[in-house]
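# Architecture at a glance
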Amino acid sequence: TQSTGDKTEHSQTLGRLKDSKLFSRRVMETAVDPIIVIDSSATIIDFNPATSKLFQYSEKELKGSNVNMLMPEPYHSKHGEYINNYLHTSIPKIIGIGREVFAKKKDGTVFPIELSISELSLNGVKLFTGVIRDITARKKAEEADAKTLFVANMSHEIRTPLNGVIGPSQLLLDTPLRKEQLDLVEMIYTSGKSLLLTVNEILDFSKLESGKLELQSCSFSVLSLVEDLIDLVALKIQNKGLELM
């Protein structure tokens, strides 16, 4: 247990540390997200290790370079114009406001980021600090969820009229029919069931991509499956004058 004297000394040490450049540097260096400081000419004057790690540039390559090297078009060409407009009008379009934009790595990879910019003045010199968060994983998850929702909605729209075909054809099978009529109705019913299965499989594939698929095991008759497949192609074979052996 710390004595009162130890606690006081600890507080004083912490206070001195917070006022030192060392404290600021340690905070910046240990930050998980990239932090970049630029001047009014868009020159990079400071950054943390997370910046080099994300953008794949060395400290020597980043220091003193224009920050637009980290931007794809059209941001790359227009960034200087953005800063000049702000310096002349003082109307912020992104400063103080979090915004989703795109960034570019050294190898040319363009990826989505969440960018927050703040302004500070040091001895009369305007500086801008940008905090960057790579949101690639989040965007991919959002796209997967949107795709799953779209497929689910489309499968519902398709299954509704399909059931309108399968249901009546199944009822027709229970009515007196000639052999030829019975064959045609069975083909309609089997084809409808097959198409419905395909729609369900598309939905399952979408679930598989998003990691939401639940597998189920069930028994089935191989003979019945083969017979259903034969029924699906029987009409085409007959029309071509072929015989299925």
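Our structure is the block above this text.
Remember, it's a predicted structure, so these values are computed and weren't measured experimentally.

So, about the overall build of the chain. In terms of helices and strands, the chain carries eight helices and five strands. Listed N to C, the secondary structure of the chain is α-α-β-β-α-α-α-β-β-β-α-α-α in terms of helices and strands. Burial analysis of the chain (245 residues in total) assigns 24% to the buried set. In the chain, of all internal contacts separated by at least 6 residues, the share reaching a separation of at least 24 is 43%.

The full count for this structure, using the stated rule, is nine salt bridges. Arg 133 is paired through a salt bridge with Asp 33; the nearest N and O atoms lie 2.7 Å apart. With Arg 133 in strand E5 (residues 125-134) and Asp 33 in the loop between helix H2 (21-30) and strand E1 (35-39), this pair connects stretches of sequence that are 100 residues apart. Exposure remark for Asp 33: the relative accessible area of 18% places this residue in the buried category. A salt bridge links Lys 139 to Glu 100, with the shortest nitrogen-to-oxygen separation between them at 2.8 Å. Placement of Lys 139 in helix H6 (residues 136-172) and of Glu 100 in strand E3 (residues 99-104) is noted, with a sequence separation of 39 residues between them. When its relative accessible area of 40% is taken as the criterion, Glu 100 is described as partly exposed. Each of Glu 100, Glu 114, Arg 138, Lys 139 and Glu 142 takes part in one network of salt bridges that share partners.

What counts and how
Residues numbered from 1 in each chain as written. Predicted model: local features only at pLDDT ≥ 70, side-chain atom pairs only at ≥ 80, totals over all residues. Heavy atoms only, no water. Helix = DSSP H or I, 4+ residues; strand = E, 2+ residues; numbered from the N terminus. Buried < 20%, exposed > 50% of the residue type's maximum accessible area, 1.4 Å probe, protein only. Contact = heavy atoms within 4.5 Å. Salt bridge = Lys/Arg side-chain N within 4 Å of Asp/Glu carboxyl O.

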